[in-house]
Amino acid sequence: MSRRTKTKTDIDPQLEELVKAVKTPEQLAALTQQLQQKAFEAMLEGEMTDHLGYPKHATAGHNTGNSRNGYSAKTLKGEQGALTLDVPRDRNGEFEPLIIPKGQTRLPMFNDKILALYSRGMSTRDIVAMLLELYGVEVSPTLISQVTAQVIEEVQQWQCRPLDEIYPIVYLDCIHIKIRQDKRVSNKAIYLALGINLDGQKELLGLWLNENEGAKFWLSVLTELQQRGVRDIFIAAVDGLTGFPEAINTVYPKTKIQLCIVHMVRNSLKFVAWKQRKAVAADLKKIYTSLTVAEAEQELDAFAARWDDQFPSISASWRRHWPNLITLFDYPDDIRRVIYTTNAIESLNSVIRKAVKNRKVFPNDESALKVVYLAIQAASKKWTMPIHHWKNALNRFMIEFPDRMPEQF
């Protein structure tokens, strides 16, 4: 059977006449509003028919005890401005519309616009001004707050959801923001746990807000992950926070720790003058790009011989963290590329920083959580593909941890 190709003649003649009449953006907006009005009113009529059990003017409605009873006008705010709808009523007053519930003052899509703007870090008053400028719709700051307040309940449900039993890799990191508390501005830490599941896809396991970053709080985070179903983590990629590896191994004793090389290099270069950074970074690269641990140790000794007179703290720091820096040498390139840095979570951090940069100071914890959560949800929509080289990495994990992999593997 040949496939039918849609042509211009397939367009509804009435619709075609309407489209031909549109000459300006203002006329297009007016037409869009009219079509939107008719569509919503048709859906409301459909709901009334379903509620009563018979269509309009049908004889089946005689002596049923309830019937249509005219309309009431309802004005809603929308993207094209205010929209007035005729909402059908029933004589018994029992009709409860679902598409536009009683008490709702905005079209269903309008809330999404508010949340999208909020997720970009815009303040409540900025959103009010933006909606007025774009759509000519005046909304109050209180209305914006009511819409975004619903996000907190969503955050709580998301934070308590059950998780997979096994995550081969989990990246743990922190980002700091300013929040007003007790009439003063405090620096608080948002803890992030980003997992790579057995399909190789990224999944944010949770986010937590605390006064500052510390191994003790990380211990409570890991305990919560365990309570939500995470039975095993093969490798945890973390920064160099003191006590962090011990906190991880308290909850997951079999987990191997890999300190983020990027964090180590970045911290090392803090001690180095600008003119010398390129040379120091090049010598550090020789350490972590070595083929074996023995070669890496030789390169570390060579680095110390060249730079210890000027920057003795750098080699000392690398030697102090050495046991958790060399985990990557246990694996071939396929897995090294995956655990080499915390780039996956650094990318997520950049999304969060972009969302919070417009807010120099958040008024409270809830406001910060709402913005961060919405920004993360927007970013996660792009996490549709496994990370690079995942199949090769998974094959290696199956060989490395045969007794810890699920039965289906």
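As shown above, the structure is provided for reference.
Conventions and cut-offs
Residues numbered from 1 in each chain as written. Predicted model: local features only at pLDDT ≥ 70, side-chain atom pairs only at ≥ 80, totals over all residues. Heavy atoms only, no water. 1 Å grid on protein atoms, 1.4 Å probe; cavity = no way out; pocket = protein on both sides within 12 Å on 5 of 7 lines; lining within 4 Å. Points joined across faces, edges and corners; volume = space filled by probe spheres on them. Helix = DSSP H or I, 4+ residues; strand = E, 2+ residues; numbered from the N terminus. Nonpolar A, V, L, I, M, F, W, Y, C, P; charged D, E, K, R; others polar. Pairing = 2+ DSSP bridges. Phe/Tyr/Trp six-rings, centres within 6.5 Å; stacked < 30°, edge-to-face > 60°. Buried < 20%, exposed > 50% of the residue type's maximum accessible area, 1.4 Å probe, protein only. Polar contact = N/O pair within 3.5 Å; in protein donor to acceptor, adjacent residues only side chain to side chain. Contact = heavy atoms within 4.5 Å. Arc of directions from axis to C-beta. Axes fitted to C-alpha atoms, helices over the stretch in contact; angles between N-to-C directions.

## Focus on the layout of surface pockets
In this structure, the largest pocket spans a volume of roughly 520 Å³. In terms of lining residues, the largest pocket is bounded by 21 residues, among which V351, L374, A375, A378 and A379 are the most central. Those elements that provide at least two residues to the lining of the largest pocket are α3 (108–119), α14 (343–356) and α15 (365–380). In terms of residue class, the lining of the largest pocket is made up of 12 nonpolar, 3 polar and 6 charged. By volume, the second largest pocket is sized at about 350 Å³. Lining the second largest pocket are 21 residues; nearest its centre among them are D239, G240, L241, H263 and N267.

## Let's talk about the pairing of strand β7 (residues 256–259)
With 4 bridges connecting them, strand β6 (residues 232–238) and β7 associate as parallel partners. When the sheet's bridge partners are listed, A236 is paired in β7 with I257.

## Observations regarding the packing of aromatic side chains
Applying the stated rule across the entire model yields 11 aromatic pairs. Aromatic side chains Y191 and W218 sit 4.7 Å apart centroid to centroid with 70° between the ring planes, which places their arrangement in the edge-to-face category. Taken as a pair, Y191 in strand β4 (residues 184–196) and W218 in helix α6 (residues 215–227) lie far apart in primary sequence, 27 residues in all. Each of the two residues, Y191 as well as W218, counts as buried. Seen in terms of ring centroids, F234 and F397 are 5.6 Å apart; in terms of plane orientation they differ by 50°. Their pairing is tilted. Of the two residues, F234 sits in strand β6 while F397 sits in helix α16 (residues 390–400), which places them 163 residues apart along the sequence. The exposure class of F397 is buried, given its relative accessible area of 0%. Here a set of aromatic residues connected by ring pairs shows up, and it is made of F234, Y331, W390, F397 and F401.

## What to know about the side chain of Q159
Its location among the elements puts Q159 in helix α5 (residues 141–159). For Q159, the side chain forms a polar contact with the main-chain nitrogen of L207, separated by 3.2 Å. Setting aside anything within four residues of it in sequence, one finds Q159 in contact with G206, L207, W208, E224 and R228.

## With respect to α16
For α16, the full list of buried residues reads W390, A393, L394 and F397. In an axial view of α16, the angular spread of the buried residues amounts to 100°, which keeps them on one side of the axis. Facing away from the buried side of α16 by more than 90 degrees, the exposed set consists of K391 and I399. Buried-residue contacts for α16 involve β3 (166–181), β4, β6 and α13 (333–339).

## Structural notes on empty space enclosed by the protein
Throughout the structure, instances matching the rule amount to 1 cavity of 30 Å³ or more. Space inside the largest cavity adds up to approximately 30 Å³. Taken together, I261, I287, Y288, W318, W322, L325, I326 and F329 make up the full set of residues lining the largest cavity. Looking at the lining of the largest cavity, the elements that each hand over two or more residues are α9 (277–288) and α12 (322–325). Looking at the lining of the largest cavity residue by residue, the classes come out as 8 nonpolar, no polar and no charged.

## Concerning the sheet that holds β4
Taken in spatial order, the 5 strands make up an open sheet running β5-β4-β3-β6-β7, and their pairing is mixed. The sheet is open, and its two borders are formed by β5 (202–210) and β7, each paired with just one other strand. Geometrically, the sheet is characterised by an average inter-axis angle of 25° between neighbouring strands, direction not taken into account. Its contacts with the sheet put α16 on β3, β4, β6 and β7, and the angle it makes with β3 is roughly 115°.

## Structural notes on unusual backbone geometry
Even without being glycine, H57 reaches a positive phi, approximately 70°. Residue placement: H57 occurs in the loop between α2 (25–52) and β1 (68–78). Taking the relative accessible area as the measure of exposure, H57 reaches 74% and is therefore exposed. Phi at K183 is positive, roughly 65°, even though this residue is not glycine. Turning to its location among the elements, K183 is positioned in the loop between β3 and β4.

## Considerations on the side chain of N66
Tracing the backbone through its elements, the reader meets N66 in the loop between α2 and β1. The buried category is assigned to N66, whose relative accessible area is 11%. Among the polar contacts listed, one links the side chain of N66 to the side chain of D90, at a separation of 2.9 Å. For N66, the side chain forms a polar contact with the main-chain nitrogen of N92, separated by 3.1 Å.

## A look at the pairing of β3
Regular strands show a simple pattern: their side chains alternate between the two faces of the sheet. Across the 16 residues that make up β3, a large majority, 12, are buried. Examined bridge by bridge, β3 and β6 share 5 bridges and lie parallel to one another. For V170, the partnering residue across the bridge sits in β6 and is A236. Where β3 and β4 come together, 13 bridges link them in antiparallel fashion. Note on β4: the bridge partner recorded for I169 is I196. Between the end of β3 and the start of β4, which pair antiparallel, lie 2 residues, with D182 showing a positive phi angle near 50°.

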